[in-house]
Amino acid sequence: MIKLFACDLDGTLLNDDHEFDEIIFNAIDAVIKEGKYFSFATGRHMHAQQIKILKYEKRDVFMVCMNGALILDPSQNIIYDRKMDKKIVKDLLETFPEIDFDCIGKDHVFIRANRQEHLDQFSRSSIWNRAANKWKIEDFIKDSIFDQSIDDILSHDIYKINCRLSDAKTIEKMNCYLDHHKDEIVNAPYDNGAFEITGKDVNKGNAVAWLCEYLHLQEDEVAVYGDGGNDIEMLERFKHSYGMSNGMESAKKAANEIIGCCKDYAVSKHILETLQKEEDNK
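Caption draft 1: How the structure looks around the overall build of the protein chain. Along the backbone of the protein chain there are twelve helices and 14 strands. Over its C-alpha atoms the protein chain spans a radius of gyration of 19 Å, differing by no more than 12% from the 19 Å that the globule rule assigns to 282 residues. The 282 residues of the protein chain split such that 55% are buried. Partitioning the intrachain contacts of the protein chain with sequence separation of at least 6 by distance along the chain shows that 62% fall at a separation of at least 24. Charged side chains in the protein chain number 36 positive and 52 negative. The centres of these two groups are separated by 1 Å.

Caption draft 2: Focus on the pairing of strand E1 (residues 4–7). Taking every second residue as pointing to the same face, both faces of E1 are buried, with Leu4 and Ala6 on one and Phe5 and Cys7 on the other. Of the strand pairs in this sheet, E1 and strand E2 (residues 37–41) are connected by four bridges, and their pairing is parallel. Along E2, the bridge assignment pairs Cys7 with Phe40. Looking at chain direction, E1 and strand E12 (residues 222–226) are connected through four bridges and run parallel. Residue pairing for E12: Ala6 is matched across the bridge by Val224.

Caption draft 3: Main features of the side chain of Asp8. Position of Asp8 among the secondary structure elements: in the loop between E1 and helix H1 (9–13). Looking at Asp8, its side chain comes within polar contact range of the side chain of Thr12, at 2.8 Å. Within the structure, Asp8 has its side chain in polar contact with the side chain of Lys204 (distance 3.0 Å). Excluding residues within four positions of it along the chain, Asp8 makes contact with Leu13, Ala41, Thr42, Lys204, Tyr225, Gly226, Asp227 and Asp231.

Caption draft 4: Examining the nonpolar core more closely. Residues Phe5, Leu13, Phe20, Phe38, Phe40 and Ile271 are the most contacted members of the largest nonpolar core, which totals 47 residues. No other element matches the five residues that helix H2 (residues 22–33) contributes to this core. Apart from residues lying up to four places away in sequence, Leu13 is in contact with Cys7, Asp8, Phe20, Ile24, Phe38, Phe40, Val267 and Ser268. Among the nonpolar cores identified, the runner-up in size contains 24 residues, and Ala41, Ile79, Tyr80 and Ile232 belong to it.

Caption draft 5: Here's a closer look at the packing of aromatic side chains. Counted under the stated rule, the structure contains twelve aromatic pairs. Where Phe20 meets Tyr56, the ring centres are 5.0 Å apart and the plane angle is 55°; that geometry is what we call tilted. On the criterion of sequence distance, the pair formed by Phe20 in the loop between H1 and H2 and Tyr56 in the loop between helix H3 (48–53) and strand E3 (62–65) is long-range, its members being 36 residues apart. Residue Phe20 is classed as buried on the basis of its relative accessible area, which comes to 4%. In this structure Tyr56 comes out as buried when scored by relative accessible area, which is 11%. Each residue in the set Phe20, Phe25, Phe38, Phe40 and Tyr56 is aromatic and connected to the rest through ring pairs, giving one cluster. A cation over an aromatic ring shows up here: Arg59 above the ring of Phe25, its NZ or CZ 4.1 Å from the ring centre.

The rules behind each value
- Residues numbered from 1 in each chain as written.
- Predicted model: local features only at pLDDT ≥ 70, side-chain atom pairs only at ≥ 80, totals over all residues.
- Heavy atoms only, no water.
- Helix = DSSP H or I, 4+ residues; strand = E, 2+ residues; numbered from the N terminus.
- Rg over C-alpha atoms; globule rule 2.2 N^0.38 Å.
- Buried < 20%, exposed > 50% of the residue type's maximum accessible area, 1.4 Å probe, protein only.
- Contact = heavy atoms within 4.5 Å.
- Lys, Arg positive; Asp, Glu negative; His and termini not counted.
- Charge placed at Lys NZ, Arg CZ, Asp CG, Glu CD.
- Pairing = 2+ DSSP bridges.
- Polar contact = N/O pair within 3.5 Å; in protein donor to acceptor, adjacent residues only side chain to side chain.
- Core = buried A, V, L, I, M, F, W, Y, C linked by side-chain atoms within 4.5 Å.
- Phe/Tyr/Trp six-rings, centres within 6.5 Å; stacked < 30°, edge-to-face > 60°.
- Lys NZ or Arg CZ within 6 Å of the ring centre and 35° of its normal.

Structure (structure tokens):
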């Protein structure tokens, strides 16, 4: 019997507009009504503004955020965190002074560039090109603090560092850096061309397993859903793992079953079907 459902958001649970809607809420509510647990398992940081952008309405769910670096309980209290070592954060920022990094803390994103420089960079990114018709670019930066020195950034706990690179030489240099520091940090991007850097051993699989233990559940009582590169460890770890037909090939290979496309609400439908089968088998 499944007692915890853990779902990636973009490309998995969310609709084609990368938002929550009534169909998705109905599935989450059905899980909660049955006395089971629901958790997001996302690379997003889920700051207050992020939740607003996703049009998320408050439910009693857990949130595995930042690829597993942080877990929030239904009251949004931190129950698990894996901060990045400040020495490696400092070294990364000093090694790549030219990169417009997002240094993500619990409530804010800290950025060395000034606001206009960051807006110009972000407006050229592929992620913004996909979202430009849906949201205002200013909405994405309301929790950002600009013109930060390295010392300013190091005065905060940093859980995750993001960047988007297009220059081949810089990408090669970054990949070499990551390989050289693989005992300290890991990169688990949701998509090709992105970098999502956290501390070593931070991944959704380890975080969901921790949540499972926290809730006194067995790992075979967990169902996980994902579509991207940052879902691989989670999909590989759990027996009941479900990939999306629209997902990356590596994610589909890691999953035990492919259930359909996010555009068709495959996850919401699968959750409701699972609940119904378990009810029928009682």
